[in-house]
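A look at the structure
Residue strings, one per chain:
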Amino acid sequence: MSILFINGSPNKNGNTAALAETLMSGSDYQVLNLADYKVYGYGQEFADDQFDEIVEKMKEADTIVIGSPVYWHNMSGLVRNLIDRFYGPVPSGALKGRKFVFLFQGAAPEGWMMEKAEYTMSRFAKMYGMTYVGMATNEKEAKNLSGKI
């Protein structure tokens with residue numbers, strides 16, 4: 001079983017990465033730091049865009065974990081841009097059979113922020129055929145989900 005952690009934080013070794021380590025403790029996993037990739041905005045076309053490369057890595061994984069810090073009451077722009085780009089070029093069901101977990105951590109997120117993030121990511125998982133395992137916002141939740149991936 002292969003696990004791909006897509007880190008949506010510009011801080012590659014920060015709290016988002018630490019939460020991922022808790023979730024996947026004892027498991028081997030590959031890390032893809034979105035800050036290292038060029039993923040242009042929806043509608044832009046540039047020769048050095050790496051969106052397709054990221055999608056291929058996602059297709060190779062059995063489990064996909066996307067992590068984001070809470071920025072301006074929402075997921076980071078790196079993560080938002082990635083999922084926005086799926087609409088259109090990636091057909092519905094393209095990631096069928098994979099498990100999906102969303103990690104969303106921040107200093108003081110409010111309930112409505114968590115609800116909106118979970119709704120967005122559960123819909124993303126469903127649209128592309130993944131089984132939504134859940135969202136973890138702290139170490140306790142990550143440990144609870146770890147046995148399901």
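Residues numbered from 1 in each chain as written. Predicted model: local features only at pLDDT ≥ 70, side-chain atom pairs only at ≥ 80, totals over all residues. Heavy atoms only, no water.

A closer look at the packing of aromatic side chains
To keep it simple, the criterion reads: Put simply, two rings from Phe, Tyr or Trp (the six-membered ring, in Trp's case) pair if the centres are within 6.5 Å, and we call them stacked under 30 degrees between planes, edge-to-face over 60, tilted for the rest. By definition, any uninterrupted DSSP run of H or I lasting at least four residues is a helix, any uninterrupted run of E lasting at least two residues is a strand, and each is numbered from the N terminus. For every residue, the accessible area (1.4 Å probe, protein chains only) is compared with the maximum for its type, and the residue is labelled buried under 20%, exposed over 50%, or partly exposed between those bounds.
Under the criterion given, the structure shown has nine aromatic pairs. Centroid distance F86 to Y128: 5.0 Å. Interplanar angle 65°. Geometry classified as edge-to-face. Placement of F86 in helix α3 (residues 77–86) and of Y128 in the loop between α4 (111–127) and β5 (131–136) is noted, with a sequence separation of 42 residues between them. By the burial criterion, F86 is buried, and Y128 matches it. With a centroid separation of 5.3 Å and 25° between ring planes, the pair formed by F102 and F104 is classed as stacked.

Some points on the packing of helix α1 (residues 15–23) against helix α5 (residues 139–146)
Quick note on the threshold: Angles here are taken between N-to-C directions and fall from 0 to 180 degrees, while the axes themselves are lines fitted to C-alpha atoms, restricted in helices to the stretch in contact. By the definition used in this description, the sense in which the near helix is turned from the far one sets the handedness, with an anticlockwise turn below a right angle giving left-handed and a clockwise turn giving right-handed. Any pair of residues with heavy atoms lying within 4.5 Å of one another is described as a contacting pair. Classes in brief: Ala, Val, Leu, Ile, Met, Phe, Trp, Tyr, Cys and Pro nonpolar; Asp, Glu, Lys and Arg charged; the others, Gly included, polar.
One way to put it is that α1 packs onto α5 with a least axis distance of 8 Å and a crossing angle of 35°. Along this stretch, α1 crosses α5, giving a crossing that reads as right-handed. Contacts from L19, T22 and L23 of α1 reach α5 at E139, A142, K143, L145 and S146. A class-by-class count of the residues in the contact of α1 with α5 yields four nonpolar, two polar and two charged.

Quick word on the nonpolar core
Put simply, the rule is: Nonpolar cores are built from buried Ala, Val, Leu, Ile, Met, Phe, Trp, Tyr and Cys residues. Side-chain atoms within 4.5 Å join them into one set.
With 32 residues, the main nonpolar core has I6, I54, I64, I66, F86, F100 and F102 as its most contacted residues. The set of elements that each furnish at least two residues to this core consists of β1 (3–7), α2 (51–60), β3 (63–69), α3, β4 (99–105) and α4. Sorting elements by how many residues they give to this core places α4 first, with six residues. If near-sequence neighbours (up to four positions away) are discounted, I64 is found in contact with L4, I6, M58, L95, R98, K99, F100, V101 and M130.

Concerning the pairing of β3
The two faces of the sheet receive side chains in turn, since in a regular strand these alternate between them. Under the convention used in this document: If DSSP finds at least two bridges between two strands, the strands pair.
Across the seven residues that make up β3, a large majority, seven, are buried. Burial along β3 is two-sided: the residues T63, V65, G67 and P69 and I64, I66 and S68 are all buried. Pairing analysis gives five bridges linking β1 to β3, with the strands arranged parallel. Across the sheet, the residue bridging to L4 is I64, located in β3.

Notes on the pattern of salt bridges
Pairing between side chains of opposite charge can happen when their charged atoms approach one another. The line we're drawing: Take a side-chain nitrogen of Lys or Arg and a carboxyl oxygen of Asp or Glu: if they are within 4 Å of each other, that pair is a salt bridge.
Applying the stated criterion to the full structure yields six salt bridges. Between R85 and D49 there is a salt bridge, and its shortest N-O distance comes to 2.8 Å. Taken together, the residues R85 in helix α3 and D49 in the loop between β2 (30–33) and α2 connect sequence positions 36 residues apart. Overall, R85 belongs to the buried group, its relative accessible area being 11%. Among the ionic pairs, E56 bridges to K59, the shortest N-O distance being 3.8 Å. Highlighted residues: E56 and K59, both in helix α2, separated by three residues, approximately one helical turn. Residue class for E56 comes out partly exposed when judged on its relative accessible area of 42%. Overall, K59 belongs to the partly exposed group, its relative accessible area being 34%.

Digging into the sheet that holds β4
Taken in spatial order, the five strands line up as β2-β1-β3-β4-β5 in an open sheet, and their pairing is parallel. Strand pairing shows two members of the sheet lacking a second neighbour, β2 and β5, which therefore form its edges. Put simply, the sheet's adjacent strands are angled 20° from each other on average, direction ignored. Bridge count between β1 and β2: four bridges; the pairing is parallel. The partner of I6 across the bridge, within β2, is L32. Those strands touched by α2 are β1, β2 and β3, and its axis lies near 145° from that of β1.

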